[in-house]
Amino acid sequence: MKNRISHRMFSRALRVIPGGVNSPVRAFGAVGGNPPFIASGKGARIVDSDGRRYVDYVGSWGPLILGHAHPAIVRAVREAAARGTSYGAPTEAEVEFAELLRDAIPSMEMVRLVSSGTEACMSALRAARAFARRDGIVKFAGCYHGHADSLLVKAGSGAATFGVPTSPGVPRELAGKTIVLPYNDVETLRTTVRRRWREIAAVIVEPVAGNMGVVLPRPDFLPELRRLTERHGIALIFDEVITGFRATFGGVQKLFGIRPDLTCLGKIIGGGLPLAAYGGRREIMSLISPVGPVYQAGTLSGNPVAVATGLAQLRYLKAHPEVYRRIDGLGARLGDALAALGVGRVNRFGSLLTLFFTDGAVTDWDSAAGCDTKAFGRFFRGMLERGVYLPPSQFEAWFVSAAHTERDVEETIRAAREAGR
Ligand SMILES: *Cc1c(COP(=O)(O)O)cnc(C)c1O
């Protein structure tokens, strides 16, 4: 069998790791089959334990904008690790990193480094609640902000609902503080905020959604969100864990011309190591311990190896702005070709794209959820057989990196023409 080693490892994994994976999105439950085990990556390609090669569009789910094992990144890891892996004390690089983030994203007047996007969103929310002295939050169905209790809530369909926990283990009382609204629905947002602003501390949003597949904001959605939150003393939190440094050197807030109160970053800023950040207005960030009473801490926060790696990636991007033109161009070529297959709709934001197996426009969770996931599963398996590794779910973004070549993309398009038949 051609996947002998992956198969054997997966059976072993199933006995000691729930579902055999350390994050559920890696499992193949939604598409069928077993996941290949990855042995190495270089550029846009990964190699599995059985020696099969794939063009990779997962890119570690976003961090690897320069591809796998980029020389500047590998050098940064090596050099930092040789100086010690962790001190639990301040380092110069943390300050340089925080300054770089602030300069690139001016709304982040002060920044705290953490180790995951989950922590960043959870902590930003805590700060916002303390600042507003209110407990309620608004999130949008289909947006993912990590697995903290308050955020692990999505709505039924349609209008505003009280949060119901998406996961057992999340207290109903806590989920009840989360109001879930449909993405892109300005009218529902307006009525909800007007009626209930006294209980709402924060609205958290992916300014371009990446976790129901790529969904772009309607032109009036984010401006109206900013206007309403500002008027009612509600903190606006942009979760830019995916979008930060993905489409431009900075946040998409720069492209949209909107200044949120707090911003969450992760993925790209760590260069593939565990590093994330939250930050924003000085009055809010000054509530964070040890200046203020809002507790938030981390043994490995601002870890020197992770910070050195993140710095190396961000400095490379700053010095090579052509990366953004390049990945946008590759994304456009790929997106246009996929749309021309006639099997579904392509939503694209620069180098992020999703091929939705549906006839209609995808603008929110409900329209995404109507996709033909069986057809996606067949397409996914066809692509995998042809050496293209896609996210194993209909509701995820494909990530194009600067390491992808025109040839990789043409090869992917050829595979898609066959797999989409
Ligand atoms: C990935 C992601 C998170 C969570 O980050 P982790 O590092 O996986 O905890 C939060 N928000 C968004 C938008 C993400 O895509």
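Residues numbered from 1 in each chain as written. Predicted model: local features only at pLDDT ≥ 70, side-chain atom pairs only at ≥ 80, totals over all residues. Heavy atoms only, no water.

**Some remarks on the overall build of the protein**
Secondary structure summary: the protein contains 14 helices and 17 strands in total. Against the globule reference of 22 Å for 421 residues, the protein gives a C-alpha radius of gyration of 21 Å, in line with a compact fold. Each principal axis of the C-alpha distribution contributes one length, and for the protein these read about 60 × 55 × 45 Å. Long-range pairs, those at least 24 residues apart, make up 71% of the contacts in the protein between residues at least 6 apart in sequence. A total of about 18,000 Å² of accessible surface is found on the protein, and carbon and sulfur atoms cover 53% of it. Positive and negative side-chain charges in the protein, numbering 53 and 39 respectively, have mean positions lying 3 Å apart. (Helix = DSSP H or I, 4+ residues; strand = E, 2+ residues; numbered from the N terminus. Rg over C-alpha atoms; globule rule 2.2 N^0.38 Å. Contact = heavy atoms within 4.5 Å. Areas by Shrake-Rupley, 256 points an atom, 1.4 Å probe, with all protein chains shown as cover. Lys, Arg positive; Asp, Glu negative; His and termini not counted. Charge placed at Lys NZ, Arg CZ, Asp CG, Glu CD.)

**A word on the sheet that holds strand 16 (residues 388-389)**
One open sheet accounts for 4 strands, arranged 1-2-3-16; its pairing is mixed. On the outer flanks of this sheet lie strand 1 (38-42) and strand 16, each paired with one strand and no other. For strand 1 and strand 2 (residues 45-48), the ladder comprises 4 bridges, and the chain directions are antiparallel. In the sheet register, Gly41 faces strand 2, and the bridge partner there is Ile46. (Pairing = 2+ DSSP bridges.)

**Re the domain arrangement of the protein**
Splitting the protein by domain gives domain 1 (1-56), domain 2 (71-318) and domain 3 (321-345 + 357-380). For domain 1 and domain 3, the distance between their C-alpha centroids amounts to 24 Å. (Domains from an automatic or database assignment.)

**Re the site of the ligand**
Inspection of the region around the ligand gives Ser116, Gly117, Thr118, Tyr144, His145, Gly146, Glu206, Asn211, Asp239, Val241, Ile242 and Lys267 as its neighbouring residues. Side-chain polar atom of Asp239 to a nitrogen atom of the ligand: 2.6 Å apart, as the coordinates give it. Compared with its free state, where it exposes 380 Å², the ligand has 82% of that area covered by protein. Tallied by class, the residues present in the shell around the ligand amount to 3 nonpolar, 6 polar and 3 charged. (Near = heavy atom within 4 Å. Polar contact = N/O pair within 3.5 Å; in protein donor to acceptor, adjacent residues only side chain to side chain. Nonpolar A, V, L, I, M, F, W, Y, C, P; charged D, E, K, R; others polar.)

**Concerning the pairing of strand 12 (residues 262-265)**
In strand 12, alternate side chains face the same way, and those of Leu262 and Cys264 on one face and Thr263 and Leu265 on the other are all buried. Relative to strand 12, strand 11 (residues 235-239) runs parallel, the two sharing 3 bridges. Counterpart to Phe238 in the pairing with strand 12 is Thr263. Two strands pair when backbone bridges link them, and strand 12 and strand 13 (residues 276-280) are joined in this way by 4 bridges, in the antiparallel orientation. Note on strand 13: the bridge partner recorded for Thr263 is Gly279. (Buried < 20%, exposed > 50% of the residue type's maximum accessible area, 1.4 Å probe, protein only.)

**Brief notes about the pattern of salt bridges**
Enumeration over the complete set of coordinates arrives at 16 salt bridges. Put simply, Glu411 and Arg45 hold a salt bridge, and the shortest N to O gap is 3.4 Å. On the criterion of sequence distance, the pair formed by Glu411 in helix 14 (residues 406-419) and Arg45 in strand 2 is long-range, its members being 366 residues apart. For Glu411, a relative accessible area of 26% corresponds to the partly exposed category. Taking relative accessible area as the criterion, Arg45 reaches 16% and is therefore assigned buried. Glu406 is the partner of Arg326 in a salt bridge, and the nearest nitrogen-oxygen pair spans 3.7 Å. Pair noted here: Arg326 is in helix 11 (residues 322-340) and Glu406 is in helix 14, with a separation of 80 residues, a long-range link. Its relative accessible area of 48% is what places Glu406 among the partly exposed residues. Linked through salt bridges whose partners overlap, the residues forming this network are Glu187, Arg190, Glu224 and Arg227. (Salt bridge = Lys/Arg side-chain N within 4 Å of Asp/Glu carboxyl O.)

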